[in-house]
Amino acid sequence: MSAVDTYLAEARAHLDRVTPQELDAIKDGDTLIIDTRPLHNRVADGEIPGSIPVERIVLEWRLDPEGDFRLPGFTADTTVVVLCNEGYSSSLAARDLQRIGLPKATDLVGGFRAWAAAGLPVREGGTQAVT
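Here the structure is a predicted model, which is why all the values come from computation and not from measurement.

Trainee: What is the right way to look at the nonpolar core in this model?
Mentor: If you look at soluble globular proteins, the nonpolar side chains tend to sit buried side by side. Grouped together as the largest cluster of nonpolar side chains are 16 residues, with contacts concentrated most on I34, L59, L63, V80, L97 and L102. Counting residues per element, this core draws most heavily on helix α5 (residues 89-99), which supplies three residues. Discounting chain neighbours no more than four positions away, the residues touching V80 are L32, I34, L97, L102, K104, A105 and T106. Counting residues in hydrophobic clusters, the runner-up holds ten residues, among them V18, L23, L83 and L120.

Trainee: Would you take a moment to explain the sheet that holds strand β1 (residues 31-35) for this structure?
Mentor: Where strands meet in a sheet, backbone hydrogen bonds hold them as pairs that are either parallel or antiparallel. The strand order across the open sheet built from four strands is β2-β1-β3-β4, with neighbouring strands paired in parallel fashion. The two strands at the open ends of the sheet, each matched to only one other strand, are β2 (52-53) and β4 (105-107). Pairing geometry for strand β3 (residues 79-83) and β4, over three bridges, is parallel. The residue bridging V82 from the neighbouring strand is D107, located in β4. Across the sheet, α5 touches β3 and β4, and the angle it forms with β4 is around 175°.

Trainee: Could you clarify how one ought to interpret the pairing of β1 in this entry?
Mentor: Burial runs high along β1: five of the five residues are buried. The side-chain alternation of β1 yields two buried faces, one formed by T31, I33 and D35 and the other by L32 and I34. Bridging between β1 and β3 involves five bridges; their strand directions are parallel. Counted as the bridge partner of I34 is V82 from β3. Where β1 meets β2, two bridges bridge the pair, whose relative direction is parallel. In the strand pairing of β2, D35 is matched with P53. Crossover handedness for the path β1 to helix α3 (residues 39-45) to β2: right-handed.

Reading the values: the criteria
- Residues numbered from 1 in each chain as written.
- Predicted model: local features only at pLDDT ≥ 70, side-chain atom pairs only at ≥ 80, totals over all residues.
- Heavy atoms only, no water.
- Core = buried A, V, L, I, M, F, W, Y, C linked by side-chain atoms within 4.5 Å.
- Buried < 20%, exposed > 50% of the residue type's maximum accessible area, 1.4 Å probe, protein only.
- Helix = DSSP H or I, 4+ residues; strand = E, 2+ residues; numbered from the N terminus.
- Contact = heavy atoms within 4.5 Å.
- Pairing = 2+ DSSP bridges.
- Axes fitted to C-alpha atoms, helices over the stretch in contact; angles between N-to-C directions.
- Right-handed = clockwise from strand over helix to strand, strands pointing away.

Right, here's the structure in full:
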């Protein structure tokens, strides 16, 4: 196992990851869906309805539940589901969000590609990311 595989496994050991079907069932509740994919992926492939694109470089600042630069409308008790293209970098991002005070942070198994492959709703992409 490579160092990055070990690093990823350690991150995932603390996550209650959700499948596309599970996310679809909870997405209209008190769940914040954060899309960290680059703009070119969101334009080409679309976005999950209700998701908020947040640049990875500012993710912790926008989702620190006690921070001055946080997004409005969530608390430390909010379930936050992070997604990337295939579900790898989102696992690391979700682990980092847990470390800054979001114990219910997790990620989407298989990322956006698994969501789309499951035939779940997709909106046109290109939403301006939170920076």
